[in-house]
Structure formats: structure tokens, C-alpha cells
Amino acid sequence: MKKSRRLQAGLLSAVMAALLTLGCCGPEEPQKIDELVLPKNDGQPAKLTVAIETPEDMAHISTSGSLERVIKEIIARYQADFPGTEIELIYDTRGEKIAAGGDDAPDIELFTGQDLYYKHRDRLPRNTDWLMDLTPYEDAWTEEGTISNPANLIMRFMGGDKIYAVPFSYDQIMLYYRWDRFHEYNLNVSSDSEKVSVMVWGRFLEAVDRLGDKGRLAIDKAVKPYLFDAILWSWVGQKRIADTALGYYQPDGSTIFTLESAQNAVKAYEMVLERDMGAEDPIKAFIDGQAGMYLGTGMDILELEREMPGKVNEDWYAVGLPKGNSGKIAPLLGWSAWGVNKDSPEPEKAVHFLWYMTNADNNAHMYMELKDYGAKPIYREIEAYEPSLLEGGLYGETDLLNTPSYRYASAPLAFGGSAGVNDPVFSTLLGGLESGDVTAEELLEGLDAEYKRLIDEYTAGGGSLPWAG
């Protein structure tokens, strides 16, 4: 198990002090170290409520009581250390209690920020006015470990550097491919340029063509609009994006849809769609061997591990998306996170318990207990706690946690209901491109006009832009 950062820092300071003492320069005055800002529980009597959605409202997959069990275990351990704090776990159907506010509003709420399958399309993203700014307590989480790229995006989902959420679950696009077919083909060619691979989008497209029937591509229908975002951002590049939480804008406030790289991204997206075999059941086509590659969700690994012939990480692999012209920037398909009610009568104790519930030990425990339901690690060092994650189907996503160059972005959730696939204009234009009713130029012109309109509405309503200073 890894040492905490605080312990590592202490050991390093001691070693440096010893070296200075033994060195020719003699001892020096110790340098002042900035004190960490951490939430506290003073032990005085208090009551907190922690709310989760009812089982039938769970955004990803109902945890069949497992989530309640794990949280109650964590609450019991916390109360053993802080017996003066009473904590009650409650249900908040469709977020009605937190939205209504008042005395019945919970202190901590598990809320859904984005939902792939539109189960709550009429209310996502939720009103976020109730969320407490957790930025003053950032040290609490950064001292636990290295925050992963997807977790960092969720924590700062409103844009800028402010933290309003601590991740619980998320899903993302994964590429599944039959390595045995790639290997068989590559044995019969001599040069690297002739070999097939999935490292970059160009080589990925070549692999579909060169492998023929053995390399057919199946794409999950729900993934396609997010795939557009992934290719768009991977062509535009992070330097041209003002803020990854508002991923459609340049630093000057104009949209990225006007860039030449966006035009090239649309062409690449069209080439990917052209190679989609159009399977009625894409994942089944991959399992049955009709497809050699499958673009689906990370949660698909559960079904694939049960049903796929051969062994994962030997005969077939789960990996991240290929690299675009300007790197790898992927969207999250859906996520949920913990937030603290800014009107809580016990705000610091609420933050203190949230920190405890999501510290490195409890986050690893929660992930191992609830990984089949979408729970994810917050910290990159998860494999130090659970070496088993370097084996089996979850290795693909675990590997992405430790790939700093694999970055994430999001449609502007700060705009409320009109964000990416939740925006009817976005969905209509993208659907028109796929059907052939909308050209690439019309798509980009339409998206540029739509997101100019949305940013104007957002700022006119008092919304602030992170890049505006």
C-alpha cells in the first residue's frame, strides 16, 4: 500500500535536513511550509444526512442494495472515531429534497451530472445552485493521492479551478478489438507501415480496411454522438480549448467549430461512420465474431468478460481511443458525484465526512465493492491498493488512469440542459450528418451558431466564463 503524500513529504524533509546538517554548509534555517487547509470535526454533537437516489432512479445501474451497505459501513467506522456526529442515510427521489432546500435538504447528496441513456433527460444536468464550493479544502483530496484526469474534470465540471463535486461513478468510450486477428495479419507482413494497429485514428481506419471481414467495426449507437466530441477535441487539441469543462470554446470566446482542424475532424468522423457495419446489436456482433472491433462503453466489459470467447488481454483487449492529430481527448459518457449543500447547518463537518468517505482507503474499498455498478477510482494510485486491477478486463481503464496524456473534456454542463447530446440542435445536426441530410459545412455552421447563442444567453443571465478573468 502506498504511503500518503503527507508521510512521503515528511520523510523527504527529514532526509534533506540530515544532508544539510552533514554537508559542508552546515545547518540552515528550516523553510516555512504552507499549512494544509483541511476540514475538521470538533467532536461537538451534530447530525448529518447523506442522500442517494432511490434504486429505480439510479443513473447507471441499480446497485441492488450494495451502495447502501458500503456507505453504512463507512458511516459506522466514521462514527466510531466521531461519536458525536450522527449520520443518517436517506433517499432523495429525483433530487427533490435538495432542489427544494430548507430543513429537509440533505447535507451531502449523490447527484447525477450526466446520463448516457437519457434516463433523466428531463432534469439533467440538475440545478447546481445548491452546491458548496469545496475549493478551500482542495488539499484534503490532493494529499490523498494524484487526482486522475477524469476525476479532475468532474470535480471542476462548472469550469475554471473551482471544485464543486467529488466523483463517485463515470463511464467512457472504450475500444475493444480482437488482438488475435491483428496478430495473425501482422505475422504475414514485413514492414511496420504494413502492420495493423489501433494507436492512431489513421491506422485504426486502415486496420478496418486491411483486415476485411475480420476487422469489421461495430459501434454502440448511444456512443456515436460522444465519439464525435472525442474526434473533434483530438483534432483541435487542448491548447485551442479555453476550458475543458466548456469544451466547445476558444480562449477568445469564439467556438472551435470555426477552426480548420474541426473541418478535418468531421471528415475523420465521417470516415469512421462509413466503416460502421450497422449491426442491430453491436456488442453481440463483436462477441459472435462478426466484428473485429467494437466501440462501446466501459461498462460493456462486464458482459464481454462473461460472453467473449478467448481471454481478455490475450485474445482481445479493451483500450482507450486512438490518437488524433493533436492528441487524445475523450468525453465522459455519464457521471455522478457527491456534493455538499452550501446551506448545511454543519458545513465543515459535512466536508469532513465527505473527505473521509472519499479518502484513498475508502475510495479503493468503494471501487472494489461497486465497480460492477459504475463506481470509479478518484486517485491514480489505485493499483497500489489493489494490484488485481492490473489483470482482467478492468486493466484497460486502470491503465488510462495512469496515462497523463489521455485527457478529457466536456460539453458545457454549466449551461444547464443544453449541453452536447442534450442539446436538440446538436443532436439534430449530428443525426443529419449521419443520414446524409446535413453536410459537414452545415453541421459546423449550425453548431457555431448554436453555441454562440448559448454562450450569449449564459453570460446575459449572469454566468461567468473562466477565461474572462
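Residues numbered from 1 in each chain as written. Predicted model: local features only at pLDDT ≥ 70, side-chain atom pairs only at ≥ 80, totals over all residues. Heavy atoms only, no water.

Asks: I'd love a proper account of the overall build of the protein, names of residues and values included.
Replies: The number of helices and strands found in the protein is 17 helices and 9 strands. Counting across all 469 residues of the protein, residues that qualify as buried make up 54%. Considering only intrachain contacts with a sequence separation of at least 6, the fraction spanning at least 24 residues in the protein is 75%. Just so you have it, the protein exposes about 20900 Å², and 50% of that area is on carbon and sulfur atoms. (Helix = DSSP H or I, 4+ residues; strand = E, 2+ residues; numbered from the N terminus. Buried < 20%, exposed > 50% of the residue type's maximum accessible area, 1.4 Å probe, protein only. Contact = heavy atoms within 4.5 Å. Areas by Shrake-Rupley, 256 points an atom, 1.4 Å probe, with all protein chains shown as cover.)

Asks: Provide a residue-level description of empty space enclosed by the protein, including the pertinent values.
Replies: Enumeration according to the criterion identifies 8 cavities of 30 Å³ or more in this entry. The calculated volume of the largest cavity comes to roughly 170 Å³. Taken together, 19 residues make up the lining of the largest cavity; nearest its centre are Q114, L332, S410, A411 and L413. At the level of secondary structure, the elements contributing two or more residues to the lining of the largest cavity comprise α5 (149–155), α8 (224–236) and β8 (328–340). (1 Å grid on protein atoms, 1.4 Å probe; cavity = no way out; pocket = protein on both sides within 12 Å on 5 of 7 lines; lining within 4 Å. Points joined across faces, edges and corners; volume = space filled by probe spheres on them.)

Asks: Please provide a residue-by-residue account of the nonpolar core, values included.
Replies: The nonpolar side chains of a soluble globular protein tend to be buried with one another. Counting 105 residues, the largest nonpolar core has F204, L227, Y248, M293 and L295 as the members making the most contacts within it. At 9 residues, the largest contribution of residues to this core is made by α8. If sequence neighbours within four positions are ignored, L227 has contacts with I173, W201, I219, Y269, V272, L295 and L321. Of all hydrophobic cores here, the second largest spans 40 residues; its members include L67, V70, Y137 and W338. (Core = buried A, V, L, I, M, F, W, Y, C linked by side-chain atoms within 4.5 Å.)

Asks: Give me the lowdown on the layout of surface pockets, citing residues and values where you can.
Replies: Taken as a whole, the largest pocket spans an internal volume of roughly 340 Å³. The wall of the largest pocket is formed by 14 residues, among which M158, K162, Y164, Y458 and S464 lie closest to the centre. Class assignment for the residues of the lining of the largest pocket results in 6 nonpolar, 5 polar and 3 charged. (Nonpolar A, V, L, I, M, F, W, Y, C, P; charged D, E, K, R; others polar.)

Asks: Summarise the pattern of salt bridges; cite the residues concerned and give the values.
Replies: Counted by the stated rule, this structure contains 19 salt bridges. One salt bridge connects E206 with R210, and the closest N-O pair in it is separated by 3.7 Å. Separated by 4 residues within a single helix, E206 and R210 lie in helix α7 (residues 201–211), roughly one turn from each other. Classification of E206 as partly exposed rests on a relative accessible area of 32%. (Salt bridge = Lys/Arg side-chain N within 4 Å of Asp/Glu carboxyl O.)

Asks: Just give me the short version of helix α9 (residues 260–274), but keep the residues and values in it.
Replies: With 15 residues, α9 should reach 21 Å at 1.5 Å per residue; the first-to-last C-alpha distance of 22 Å fits that figure. Elements that come into contact with the buried residues of α9 comprise α7, β5 (217–219), α8, β6 (293–297), α16 (424–435) and α17 (440–460). (Expected span 1.5 Å × (residues − 1).)

Asks: Can you explain a negative patch on the surface? Please cite residues and give values.
Replies: Together, E280, D281, E303 and E307 make up a negatively charged patch on the protein surface. Relative to the helices and strands, D281 is located in the loop between α9 and α10 (282–287). (Patch = residues over 30% accessible without salt bridge, like charges linked within 9 Å, V, L, I, M, F, W, Y side chains within 5 Å. Lys, Arg positive; Asp, Glu negative; His and termini not counted. Charge placed at Lys NZ, Arg CZ, Asp CG, Glu CD.)

Asks: Quick one: what's the story with α16, residue by residue and with numbers?
Replies: In this model α16 runs 16 Å from its N-terminal to its C-terminal C-alpha over 12 residues, within 8% of the 16 Å that 1.5 Å per residue would give. Inspection of α16 places F426, L429, L430, G432 and L433 among the buried residues, and these make up the whole buried set. For α16, the angular spread of buried residues about the axis comes to 155 degrees, placing them on one side. Residues of α16 that are exposed and point more than 90 degrees away from the buried face comprise P424 and T428. Contacts from the buried residues of α16 go to α8, α9 and α17. (Arc of directions from axis to C-beta.)

Asks: For the pairing of strand β4 (residues 166–177), give the residues involved together with the corresponding values.
Replies: Most of β4 is tucked away, with 12 of its 12 residues classed as buried. Where β4 lies against β8, 6 bridges are found, and the strand directions are antiparallel. Counted as the bridge partner of D171 is G334 from β8. Inspection of the sheet shows β4 paired to β6 by 5 bridges, in the antiparallel sense. Paired with Y176 across the strands is Y294, a residue of β6. (Pairing = 2+ DSSP bridges.)

Asks: Could you give an account of the packing of α8 against α16, naming the residues involved and the relevant values?
Replies: Each packed pair of helices is defined by two parameters, the angle between the axes and the distance between the axes. Interaxial distance between α8 and α16 falls to 11 Å at its minimum, and their mutual angle equals 90 degrees. Classified by the interaxial angle, the pair formed by α8 and α16 is roughly perpendicular. Together, K224, P225, F228 and D229 of α8 and F426, L430 and E434 of α16 make up the contact between the two elements. When grouped by side-chain class, the residues that make up the contact of α8 with α16 number 4 nonpolar, no polar and 3 charged. (Axes fitted to C-alpha atoms, helices over the stretch in contact; angles between N-to-C directions. Parallel < 35°, antiparallel > 145°, perpendicular 65-115°, else oblique.)

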